[in-house]
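Okay, here's what each chain looks like letter by letter:
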Amino acid sequence: TIQDVAPLVLPDPRRRKFLKNLRWRRRYGFTARRADMILAISRFTRDEVHRVLGVPLDRIRVTLLAADDLRIPPAERDAEALARLGVMRPFVLAVGAADRRKNLGLLERAMPRVAERFPDVRLVLAGPRRRAARNAREPSWQRTLGFVSEADLMTLYRCARVVVAPSSYEGFGLPVLEAMQLGAPVIAARATSLPEAGGEAAVYVEPEDDAGLAIEIGRVLEDEAVFHALREASLAQSARFSWDETAERTLAAFDDAVAAAATGRQPA
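Residues numbered from 1 in each chain as written. Predicted model: local features only at pLDDT ≥ 70, side-chain atom pairs only at ≥ 80, totals over all residues. Heavy atoms only, no water.

1. Things to note about the sheet that holds strand 5 (residues 142–146)
Spelled out, the test is: The pairing criterion is simple: DSSP has to find at least two bridges between the two strands. Helix and strand definitions follow DSSP, with helices as H or I runs of at least four residues and strands as E runs of at least two, each counted in order from the N terminus. Note on geometry: axes are lines fitted to C-alpha atoms, helical ones only across the stretch in contact, with angles between N-to-C directions running from 0 to 180 degrees. Two residues form a contact once any of their heavy atoms are found within 4.5 Å.
Sheet architecture is open: six strands sit in the order 5-4-3-6-7-8, paired in parallel fashion. In this open sheet, the two strands that pair with only one neighbour each are strand 5 and strand 8 (203–205). Averaged over all neighbouring strand pairs, the angle between strand axes comes to 25°, with direction disregarded. Strand contacts of helix 10 (residues 210–222): strand 3 (91–95), strand 6 (162–165), strand 7 (186–189) and strand 8, with the helix running at about 160° to strand 8, the strand carrying the most contacts.

2. Quick word on unusual backbone geometry
Cis rather than trans, the peptide bond between R89 and P90 has omega equal to -5°. Relative to the elements of secondary structure, P90 occurs in the loop between helix 4 (78–85) and strand 3. A positive phi is found at T192, a non-glycine position, where the angle reads about 45°. Here T192 is to be found in the loop between strand 7 and helix 9 (194–198).

3. Points about the pattern of salt bridges
The following threshold applies: When a carboxyl oxygen of Asp or Glu is within 4 Å of a side-chain nitrogen of Lys or Arg, the pair counts as a salt bridge.
Considering all chains together, one arrives at 20 salt bridges under this definition. Of the charged contacts, one joins D4 and R101 as a salt bridge, the two residues approaching to 3.9 Å between their closest N and O atoms. In this pair, D4 is assigned in the segment before helix 1 (6–9) and R101 in the loop between strand 3 and helix 5 (104–117), connecting sequence segments 97 residues apart. Salt-bridge contacts for R14 lead to D12; the nearest nitrogen and oxygen are separated by 2.6 Å. Counted as one network, the salt bridges with shared partners bring together D4, R101, K102 and E170.

Listed below in structure tokens is the structure:
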């Protein structure tokens with residue numbers, strides 16, 4: 001299974017990471033040459049594996065993921081969890097590490113416009129951060145949490161006014177479905193695999209359009225009808241994905257690969 005080819009498409013630009021980048025390229029190349037069948041977690045990743053590694057499309061199967069079967073904590077704990085995390089409503093949530101491809105700069109450019117119109121709104125960032133980033137002085141409208149527990153993450157999704165997924169490169173975009181599973185409205189970058197996860201339930205902006213992102217965040221903040229419509233759409237979209245279907249597609253791919261190996265032919 002190949003989740004994405006980000007290490008090849010977006011290699012670490014630092015000179016000291018040259019050997020690490022080379023190892024990634026060799027590992028991916030070895031996999032592409034040796035595998036009888038490759039599973040890709042989205043149509044976007046399938047096309048990238050074909051484009052970057054030259055794997056024929058008939059040797060790749062798409063096995064879409066689903067939101068995890070999480071034990072969602074009771075809503076009664078939300079107030080305590082938010083207080084402990086130092087988060088006040090209303091807030092905009094972004095989840096993920098501070099990698100280049102997560103494109104958090106888009107949010108950083110958009111949020112001053114949002115904060116000017118809605119001074120009580122905060123941007124909450126959840127996900128691993130380097131020590132320097134955690135210790136950096138942040139604007140008054142931002143709260144950086146770093147890593148949070150699964151239960152606290154569920155509370156953040158459930159209580160967020162809107163979740164923003166600005167990534168410019170994602171193999172699937174699982175946080176989009178996780179947020180939707182909790183009924184959070186989602187605004188995502190119209191990039192790579194994110195439209196596959198968000199479908200018609202998410203609102204999309206271009207990956208560099210910070211002005212457009214500020215407008216869409218403001219629309220969800222100020223319009224209750226928009227908020228509730230997106231909330232209902234999120235719940236419906238997350239229900240369209242199933243781990244049972246993922247398993248069935250995976251087993252079917254195994255059967256194809258085994259049958260092809262038995263006859264000495266390539267999988268059809």
